[in-house]
Amino acid sequence: MSSFKPTLPNKSEIYTIATPGVSPETASLAEQLLNRNNKEFHCFFNDKKFHNHLIHHLLAAYSLGASKEKIQEIFDEHAKDQRPIPPSICKITRDNYKDYLGRAEAYTSFLHFYENEIERYGPVDTVRRFVWSGDMLARTVGGAYHPLIHIGYGLEFDIHGIIAEGLAMASCTEERFVPVTPNLPGLQYSSLIPVQAQVYAENATSSARGLASSIVDQLSEQISTTLGMSEKIFSRSVKPDTSDIPEYLKENTLFPIFKQIRKDPVFDNIFKSSDNNKLDMFFQNKEAVDRIKHYVGQWFIDNSTKDIQKKFKDLHTLCAIALGSSGIRKEHPGTLKLDFFLMHALTSSEFLHQYIGRVALTESVSLLHAHLAVTMIYYVTAGRPDFNIDGLLDYKSPNHSASNNNPWFAVLDKSLSCKEAHVIKVVRSCAVAQVLYGPHENTKLDHVWLQVAEMALDKDGDWDFSGVGFDDTWTS
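The following refers to the structure shown. (Residues numbered from 1 in each chain as written. Predicted model: local features only at pLDDT ≥ 70, side-chain atom pairs only at ≥ 80, totals over all residues. Heavy atoms only, no water.)

1. Structural notes on the overall build of the chain
Helix and strand counts for the chain stand at 20 helices and 0 strands. When contacts within the chain are restricted to residue pairs at least 6 apart in sequence, long-range pairs at least 24 apart make up 77% of them. Working note: accessible area of the chain is about 20500 Å², and carbon and sulfur atoms make up 51% of it. (Helix = DSSP H or I, 4+ residues; strand = E, 2+ residues; numbered from the N terminus. Contact = heavy atoms within 4.5 Å. Areas by Shrake-Rupley, 256 points an atom, 1.4 Å probe, with all protein chains shown as cover.)

2. Some points on the nonpolar core
Core analysis: the largest hydrophobic core is formed by 149 residues, its most contacted members being F110, F282 and I292. If near-sequence neighbours (up to four positions away) are discounted, F110 is found in contact with I92, Y97, Y100, L101, A168, S171 and C172. (Core = buried A, V, L, I, M, F, W, Y, C linked by side-chain atoms within 4.5 Å. Buried < 20%, exposed > 50% of the residue type's maximum accessible area, 1.4 Å probe, protein only.)

3. Focus: the state of the cysteines
Enumeration over the complete set of coordinates arrives at 0 disulfides. Note on C172: no disulfide assigned, nearest cysteine sulfur contributed by C43 at a separation of 5.3 Å. With relative accessibility at 0%, the residue C172 sits in the buried group. (Disulfide = S-S within 2.5 Å.)

4. Let's talk about the pattern of salt bridges
Scanning the model with the defined rule gives 28 salt bridges in all. One salt bridge in this structure joins K272 and D275, with 3.6 Å as the shortest N-O distance. The exposure class of K272 is exposed, given its relative accessible area of 52%. In this structure, D314 and K310 form a salt bridge, with 2.7 Å as the shortest nitrogen-oxygen distance. (Salt bridge = Lys/Arg side-chain N within 4 Å of Asp/Glu carboxyl O.)

5. Points about helix α7 (residues 146-157)
In this model, α7 (12 residues) spans 17 Å end to end at C-alpha, consistent with the 16 Å of a helix rising 1.5 Å per residue. Within α7, 11 of the 12 residues are buried, which leaves the element mostly enclosed by the surrounding structure. When we look at burial in α7, the residues that qualify are H146, P147, L148, I149, H150, I151, G152, Y153, G154, L155 and E156. Of the residues one or two after α7, D158 is the one with positive phi, at around 55 degrees. (Expected span 1.5 Å × (residues − 1).)

6. Some words on the environment of L167
Relative to the helices and strands, L167 is located in helix α8 (residues 160-171). By relative accessible area, which is 0% here, L167 ends up buried. The sequence separation of L167 and Y107 amounts to 60 residues, and the corresponding C-alpha distance is 9.6 Å. Not counting chain neighbours up to four residues away, the residues in contact with L167 comprise Y114, T126, V127, V131, M136 and I151.

7. Details of the side chain of R384
Secondary-structure assignment places R384 in the loop between α16 (361-381) and α17 (389-394). Side-chain polar atoms of R384 contact the backbone oxygen of D264, separated by 2.8 Å. One polar contact links R384 to D268, side chain to side chain, over a distance of 2.6 Å. Among residues more than four places away in sequence, those in contact with R384 are I261, R262, K263, D264, F267, D268, Y379 and G469. (Polar contact = N/O pair within 3.5 Å; in protein donor to acceptor, adjacent residues only side chain to side chain.)

8. Comments concerning the packing of aromatic side chains
The geometry of an aromatic ring pair is captured by the separation of the ring centres together with the interplanar angle, meaning the angle of the planes. Summed over the entire model, instances satisfying the criterion amount to 23 aromatic pairs. Summarising the aromatic geometry, the rings of Y153 and F157 are spaced 6.2 Å apart at their centres and angled 25 degrees between planes, so their arrangement reads as stacked. Separated by 4 residues within a single helix, Y153 and F157 lie in helix α7, roughly one turn from each other. An aromatic cluster is defined as three or more aromatic residues linked by ring pairs; in this entry it consists of Y145, F177, F282, F283, F340, F341, Y378 and F465. Positioned above the aromatic ring of Y121, the side-chain terminus of R129 is 5.4 Å from the ring centre. The ring centre of W474 lies 5.0 Å from the NZ or CZ of K337, which sits over that ring. (Phe/Tyr/Trp six-rings, centres within 6.5 Å; stacked < 30°, edge-to-face > 60°. Lys NZ or Arg CZ within 6 Å of the ring centre and 35° of its normal.)

9. Points about the environment of N388
In this fold, N388 is placed in the loop between α16 and α17. Discounting residues that sit within four places of it in the chain, N388 has contacts with S325, I328, R329 and K330.

Now the structure itself:
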């Protein structure tokens, strides 16, 4: 007899969160304002390459049913801080685009280039061709993951112009994370191997698998996920130390690795909480960089849909717990701190979902490894905070609506009223995860998503930049 267990969402790999409330007027206004952002504003609002969050905030609110008045308010609030889009400095082509990488003044030129690429080859082909070439993956997860997020919004809402903006943003971002992200081949000019080839090989009968596997081998040669080392670094034989990890998290493959990072003396005394250039100091320390590569190498991901989805869940869960549990200390009751960069690990992890349902399996593996590497570095620069998971689960939000049949309705509604752009993104990332994983998780783990969402509402954009893992930041 078949199971009577309800399955929601029915196709989790293509799930996107949306609530009722989008009217024809709201849809029309959102389209107009997104077009204005595309035509009028730079992707960076200052010379330090701080990012334009306008479309992130607007589309997150749009998906949660914001009124047209709220959509206009969000646009106006962000628009007043933006810089005008710069004039095009040249005609960028496949042959010369590398000459302009990392240059903010080339944003418009890159934007026109990617718009043309998408019009000719389609959005997914263009994303695959450029993100997985040269140092572009490092640039895409760079800038506190913002290019990855921006492209992710374009994929989720099927807006080709936003995908072009995100690719242009990635092209203007520094390649800082190259030492810890997968090595990739140069730009491929010929047709890409279809995404379906690996899926076909995964499910093929033994008689057909030989041909399919040769196609997969060709794709694997085009993309390396070895972080500059041998494939042997990805070991499945190492038994993880799961002591002191709660029972409901023992199946998560990342918590034992982060436990090792927290105790690793290589990361001791690299920087102080007061240092303003922690990322620079980290990359100047070759031993620390090599250790991050070592720990990423411990996270083996099989080139299969099932394992990729499992490891995506592990990463998404890790990012949520890292943000929420690191912000509470037993010795400082009543104090809540949410780290700015760990917050971005969580808001960006939601968008990994938009990629891995569309790109090749090997590309998904390299993307997950790249995101993990950056997240590990942000964990180290935050002072390697302890994960106070009991404190996270016991947290009592002053804004919790216990009387509601579904407390998520109040959380989603309150997030629309928050003016700081990242709050609604945290809430949305947690909401997506709860829908995807909630029915299949331990009750305590399911509770994490609501707790972290309510924490973000309670802080209302007051993010911590000092490093929540440094003891002195809790006494100053």
